[in-house]
Amino acid sequence: QVQLVESGGGLVEPGGSLRLSCAASRRILSINAMGWYRQAPGKERELVARITNGDIASYADSVQGRFTISRENAKNTVYLQMNSLKPEDSAVYYCNAELWTGDYWGQGTQVTVSS
């Protein structure tokens, strides 16, 4: 199993940037893939970005070109760099880890994009 702790959320103006961090309680090299999901009020949780152990990244169309997922193995941490933020990016962002035993989730961090 793995514990995931997100941080870095907050309030930002449209066009601004935030970097979310997800710290894992185990070596992320032992995790098959990690990703970021988000859930806005009244909507289903959706995949934002995902990165595999082999460093293959994928993104939702809505964030392609604006968000970048990365990992720092030495710190057991995955990041989501969010640039050119839009109000529609506002949501609770959750870190996800895919292990052979199943999926694990962090507690979430709130991102609010507003003027």
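To be clear, the structure that these remarks concern was listed above.
Since this is a predicted model, take the numbers as computed values, not measurements.

Asker: So what's going on with the overall build of the protein? Which residues, and what values?
Answerer: When its secondary structure is counted, the protein shows zero helices and 11 strands. Reading the protein from its N terminus to its C terminus gives the helix and strand order β-β-β-β-β-β-β-β-β-β-β. Relative to its full complement of 115 residues, the protein shows a buried share of 44%. Sequence separation of 24 or more characterises 54% of the internal contacts of the protein that already satisfy a separation of 6 or more. For the protein, the accessible surface area stands at approximately 6,000 Å², while carbon and sulfur atoms represent 47% of it. Within the protein, the 11 negative side-chain charges are centred at a point lying 5 Å from the centre of the 11 positive side-chain charges.

Asker: Break down the state of the cysteines for me, citing the residues and quoting the values.
Answerer: Scanning the model with the defined rule gives one disulfide in all. A sulfur-sulfur separation of 2.0 Å characterises the disulfide bridge that pairs Cys 22 with Cys 95. Classification of the bridge connecting Cys 22 and Cys 95 rests on its S-S torsion, roughly -85°, and on that basis the disulfide is left-handed. Separated by 73 residues along the polypeptide, Cys 22 in strand β3 (residues 18-24) and Cys 95 in strand β9 (residues 91-99) bring together distant segments of the chain.

Scoring rules and cut-offs
Each residue is numbered by its place in its chain's sequence as written, counting from 1. Local features are withheld for residues below a pLDDT of 70 in this predicted model, meaning they are given only at 70 or higher, and side-chain atom pairs are given and counted only at 80 or more; totals for whole chains, interfaces and linings count all residues. Only heavy atoms go into the side-chain values, all of them from the structure, while hydrogens and water stay out. For helices the rule is a DSSP run of H or I covering at least 4 residues; for strands it is a run of E covering at least 2, with both sets numbered from the N terminus onward. Relative accessibility thresholds used throughout: buried, under 20% of the residue-type maximum; exposed, over 50%; partly exposed, between the two (1.4 Å probe, protein chains only). Only heavy atoms matter for contacts: two residues are in contact if any of them lie within 4.5 Å across the pair. Per-residue and other accessible areas were derived by the Shrake-Rupley procedure at a 1.4 Å probe size, with only the shown protein chains allowed to occlude residues. Residues scored as positive are Lys and Arg, those scored as negative are Asp and Glu, and His as well as the terminal groups of each chain are ignored. A charged residue contributes its charge at one atom only: NZ of Lys, CZ of Arg, CG of Asp or CD of Glu. Whenever a pair of cysteine sulfur atoms sits within 2.5 Å, that pair is classed as a disulfide.

Everything listed is a geometric property; what it means functionally is a separate question.
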